Amino acid sequence: MCGIVGYVGPRFAAPILLDGLKRLEYRGYDSAGIAVLNQGRIEIEKCEGKLENLLAALDGRTVPGFLGLGHTRWATHGEPSQTNAHPHPDCTGRLVVVHNGIIENYASLRQELLERGHSFTSETDTEVVAHLIEEAYEGDLAEATRKALRQVRGAYAIGVFSVDEPELLVGARLFSPLVVGLGQGENYLASDIPALLPHTRRALIVEDGEVVALDRQGVRVWTLEGKEVHREPFHISWDLEAAEKGGYPHFVLKEIHEEPEAIKNALRGRLDGERLSLSEVEGLDLSQINRGCIVACGTSFYAGLVGKRLIEEWACLPMEVAIASEFRYSCPVIDPRTLVILISQSGETADTLAALRLAKERGALTLALANVMGSSITRGADRVLYLQAGPEIGVVATKTYIAELVVITLLALELARRRGLLTKGQIGEVIREVKALPSKMERVLEGEEEIARLARRYADRSSFFFIGRGVDYPTALEGALKLKEISYIHAEGYPAGELKHGPIAMLDPEVPVVALATKGAHYSKIISSIQEVRARKAQVLALATEGDEDIEADEVIYVPDTLEPLKPILSIVPWQLFAYYVARERGCDIDKPRNLAKSVTVE
Ligand code: AGP
């Protein structure tokens with residue numbers, strides 16, 4: 001996730017671009033840059049790190065010019081650095097591009113462009129777009145952009161301008177947001193509405209597969225094939241704070257709603273139809289590996305519990321899961337034949353980093369799953385699988401948990417493939433179902449009102465139990481953690497079968513039990529646990545599979561059916577929403593819960 005801003009009009013572009021970038025910095029801050037057309041020449045200023053570094057480098061100096069583009073980066077391809085910062089010029093320096101998204105076929109495009117004599121200055125996927133437009137340009141920038149983008153696979157929102165059409169800004173979108181702001185004799189391009197708000201409240205959404213051209217007078221929209229589209233502008237009624245959260249009252253809620261997109265993003269570039277294509281682990285010698293160990297903390301640890309199940313089930317590789325803070329103080333049996341998988345959305349968790357160091361000292365093969373590009377864990381591990389979830393601003397993990405589950409699922413399939421334990425057909429079947437998850441998750445999100453109503457009804461309780469078996473057990477743990485973290489209610493996640501070995505003594509009519517009772521291998525067992533709980537007069541909030549009419553509980557939330565190993569990806573969503581609405585009812589600081597930090601960098 002990066003931020004794009006563009007301006008064409010009678011005012012100096014640079015201050016407008018810099019102000020827009022400040023409002024979009026929540027989308028990434030690995031680097032920032034602007035390009036302005038100044039008397040027939042493109043002037044580019046860019047810096048690694050936050051926007052403040054760029055402002056310091058400019059030191060109050062304004063780059064003159066009335067047309068420009070700005071970019072704030074969340075790195076995906078190429079480390080955060082000045083060279084990889086956008087905007088990126090073509091070979092001639094006559095046009096410049098900014099991009100948000102991932103060009104999936106960039107490696108082959110880059111190779112072809114190199115063979116045709118283009119030279120690259122960055123490691124980004126974006127730069128191929130600049131060179132493709134350069135090749136396609138025959139005096140019409142919008143047409144050249146359409147032509148170039150027809151060769152591109154993946155996701156993008158782009159902005160481009162050229163010295164050859166000095167009053168024109170071109171934008172395009174496919175699966176990454178882009179909006180046009182309409183002013184009086186001036187127009188704007190932006191990834192998100194906050195960048196537009198100081199200037200205009202009239203806007204126009206660019207839809208997937210469309211190209212727009214903006215000059216001072218107006219805007220034209222086409223499909224990629226060149227068919228002109230008529231689009232009515234709309235009025236933006238949000239205030240600035242609401243706009244930064246996409247209209248949601250909290251980042252946490254916005255990020256829960258981004259989860260279907262997080263699944264698609266985690267898959268981006270890793271599938272070829274129904275075939276796995278995990279380039280990150282390509283060429284990795286696994287022949288000597290005889291066991292594995294997943295190390296992580298908190299929510300990432302729970303993703304690890306799911307991962308262990310999938311890897312053991314599909315790849316038949318014995319796996320251990322360790323809490324990172326305990327790992328190095330236990331006597332971990334780690335040697336060069338162990339695959340150590342470290343999961344950390346931030347990539348900076350001190351305990352997980354210590355585990356990485358220990359694993360390396362013992363000669364283990366290390367693989368990191370992380371969201372933040374260039375974070376410490378990604379620099380230390382042998383290989384990295386990025387979550388590709390975009391920045392998560394809410395302190396508690398929501399969409400990054402979903403992305404962790406998706407990526408570990410792909411990794412488990414890859415290990416099974418390498419070990420010859422799943423056929424192409426079996427892998428294809430799982431992948432088909434993984435691809436169906438975003439739309440199934442949208443259906444879960446449609447139940448939000450019902451979950452909010454439930455949350456309001458139970459928000460005054462002081463203790464909850466979450467129970468589940470098999471793949472539902474990690475969901476019980478994560479559901480309880482979410483409730484603790486943002487609503488400050490005591491909650492415990494338990495394997496359902498363990499309840500009778502002690503915790504059942506705590507149950508009474510005031511302690512609700514969330515029972516994860518999806519249809520699957522353990523269904524009849526969890527139903528028995530529900531009976532035990534109800535016999536103690538505790539209220540049961542059940543999560544069941546759509547169509548299950550037999551379930552007996554005080555409240556039932558339904559989720560669509562999916563393959564058993566994929567159930568955790570859907571089953572957690574209602575409990576994230578539940579925790580959110582309970583916290584709201586109790587007036588808690590949801591985006592910044594007390595005592596918590598996004599990256600726990602101390603032991
Ligand atoms: C998640 O909501 C928590 N705040 C916390 O448990 C977190 O998952 C844990 O600190 C690990 O963080 P990491 O994924 O950044 O390593």
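Residues numbered from 1 in each chain as written. Predicted model: local features only at pLDDT ≥ 70, side-chain atom pairs only at ≥ 80, totals over all residues. Heavy atoms only, no water.

### Some details on the packing of helix α16 (residues 472–487) against helix α19 (residues 573–585)
Item 1. α19 packs onto α16 with a crossing angle of 20 degrees between their chain directions and a minimal axis gap of 9 Å. Regarding the angle of α16 to α19, the classification is roughly parallel. The interaxial crossing formed by α16 with α19 has right-handed handedness. Every residue of α19 that contacts α16 at Gly-479, Lys-482, Leu-483, Ile-486 and Ser-487 is listed here: Trp-575, Gln-576, Phe-578, Ala-579, Tyr-580, Val-582 and Ala-583. (Axes fitted to C-alpha atoms, helices over the stretch in contact; angles between N-to-C directions. Helix = DSSP H or I, 4+ residues; strand = E, 2+ residues; numbered from the N terminus. Parallel < 35°, antiparallel > 145°, perpendicular 65-115°, else oblique. Left-handed = near helix turned anticlockwise from the far one by under 90°. Contact = heavy atoms within 4.5 Å.)

### Things to note about the sheet that holds strand β25 (residues 513–517)
Item 1. Read from one edge to the other, the open sheet built from 5 strands follows the order β24-β23-β25-β26-β27, with strand pairing classed as parallel. Each edge of the open sheet carries a strand with a single partner, namely β24 (490–495) and β27 (555–559). Geometrically, the sheet is characterised by an average inter-axis angle of 20 degrees between neighbouring strands, direction not taken into account.
Item 2. Strands β23 (463–468), β24 and β25 of the sheet are contacted by α16, whose axis makes an angle of about 175 degrees with β24.
Item 3. Each of β23, β25, β26 (540–545) and β27 touches α19; the most contacted strand, β26, lies at about 145 degrees to it. (Pairing = 2+ DSSP bridges.)

### Some details on the nonpolar core
One broad trend across soluble globular proteins is that nonpolar side chains are buried collectively.
Item 1. Ile-341, Trp-575 and Phe-578 are the most contacted members of the largest nonpolar core, which totals 96 residues.
Item 2. Of the domains in this structure, domain 2 (245–445) and domain 3 (448–585) are the two that each give at least three residues to this core.
Item 3. What Ile-341 contacts, discounting residues up to four positions off in sequence, is Cys-293, Ile-294, Val-295, Ile-311, Met-319, Leu-367, Leu-369, Ile-408 and Leu-411.
Item 4. If you look at the next biggest cluster of nonpolar residues, it comprises 29 residues, including Ile-133, Val-160, Ala-172 and Leu-174. (Core = buried A, V, L, I, M, F, W, Y, C linked by side-chain atoms within 4.5 Å. Buried < 20%, exposed > 50% of the residue type's maximum accessible area, 1.4 Å probe, protein only. Domains from an automatic or database assignment.)

### Focus on the packing of helix α9 (residues 298–315) against α16
Between two packed helices, what matters for the description is the angle formed by their axes and the separation of those axes.
Item 1. Packing of α9 against α16 brings their axes to within 9 Å, and their N-to-C directions diverge by 170 degrees. Relative to α16, the element α9 is oriented roughly antiparallel. Considering how the two elements wind past one another, α9 and α16 form a crossing that is left-handed. Residues Gly-298, Thr-299, Tyr-302, Leu-305 and Val-306 of α9 pack against Pro-474, Leu-477, Glu-478, Leu-481 and Lys-482 of α16.
Item 2. Here the contact of α9 with α16 is built from residues that sort into 6 nonpolar, 2 polar and 2 charged. (Nonpolar A, V, L, I, M, F, W, Y, C, P; charged D, E, K, R; others polar.)

### Some details on the packing of aromatic side chains
Item 1. One pass over the full model with this rule turns up 8 aromatic pairs.
Item 2. Where Tyr-7 meets Tyr-188, the ring centres are 5.3 Å apart and the plane angle is 50 degrees; that geometry is what we call tilted. Separated by 181 residues along the polypeptide, Tyr-7 in strand β1 (residues 3–8) and Tyr-188 in strand β10 (residues 187–190) bring together distant segments of the chain.
Item 3. With a centroid separation of 5.6 Å and 70 degrees between ring planes, the pair formed by Trp-575 and Phe-578 is classed as edge-to-face. In this pair, Trp-575 and Phe-578 are both assigned in helix α19, 3 residues apart and thus about one turn of the helix distant.
Item 4. For Trp-575, a relative accessible area of 1% gives the class buried.
Item 5. The rings of Phe-464, Phe-466, Trp-575 and Phe-578 are connected pair by pair, giving a single aromatic cluster.
Item 6. When the ring centre of Trp-222 is taken as reference, the NZ or CZ atom of Arg-146 above it lies at 4.7 Å.
Item 7. Looking at Lys-519, its charged tip hangs above the ring of Tyr-523, at a distance of 4.7 Å from the centre. (Phe/Tyr/Trp six-rings, centres within 6.5 Å; stacked < 30°, edge-to-face > 60°. Lys NZ or Arg CZ within 6 Å of the ring centre and 35° of its normal.)

### As for helix α11 (residues 350–361)
Item 1. A rise of 1.5 Å per residue sets the reference length of α11, with its 12 residues, at 16 Å; its end C-alpha atoms lie 17 Å apart and thus fit the reference within 8%.
Item 2. Of all 12 residues in α11, 9 are buried; the element is thus mostly enclosed.
Item 3. Taken as a whole, α11 has its buried residues at Ala-350, Asp-351, Thr-352, Leu-353, Ala-354, Ala-355, Leu-356, Leu-358 and Ala-359.
Item 4. Turning to α11, the residues buried within the fold contact β18 (291–296), α10 (324–327), β20 (338–344), β21 (365–370) and α12 (376–380).
Item 5. Residue Gly-363 follows α11 closely and has a positive phi angle near 80 degrees. (Expected span 1.5 Å × (residues − 1).)

### Things to note about the domain arrangement of the chain
Item 1. Domains assigned within the chain are domain 1 (3–242), domain 2 (245–445) and domain 3 (448–585).
Item 2. The C-alpha-based centres of domain 1 and domain 2 are spaced at 32 Å.
Item 3. Domain 1 puts 19 residues into the contact, and the matching count from domain 2 is 16 residues.
Item 4. Carbon and sulfur atoms supply 61% of the area buried between domain 1 and domain 2, which totals about 1,400 Å² over both sides.
Item 5. Here domain 1 is connected to domain 2 by 1 salt bridge.
Item 6. Its salt-bridge partner being Arg-268, residue Glu-104 comes within 4.0 Å of it at the nearest N-O pair.
Item 7. The tally of links from domain 1 across to domain 2 stands at 1 residue pair in polar contact (both at pLDDT 80 or more).
Item 8. Of all the elements in the fold, those that place two or more residues in the side of domain 1 that touches domain 2 are β7 (154–162) and α6 (240–244).
Item 9. Tallied by class, residues from the side of domain 1 that touches domain 2 come to 9 nonpolar, 5 polar and 5 charged. (Buried area = accessible area lost by both parts, 1.4 Å probe. Salt bridge = Lys/Arg side-chain N within 4 Å of Asp/Glu carboxyl O. Polar contact = N/O pair within 3.5 Å; in protein donor to acceptor, adjacent residues only side chain to side chain.)

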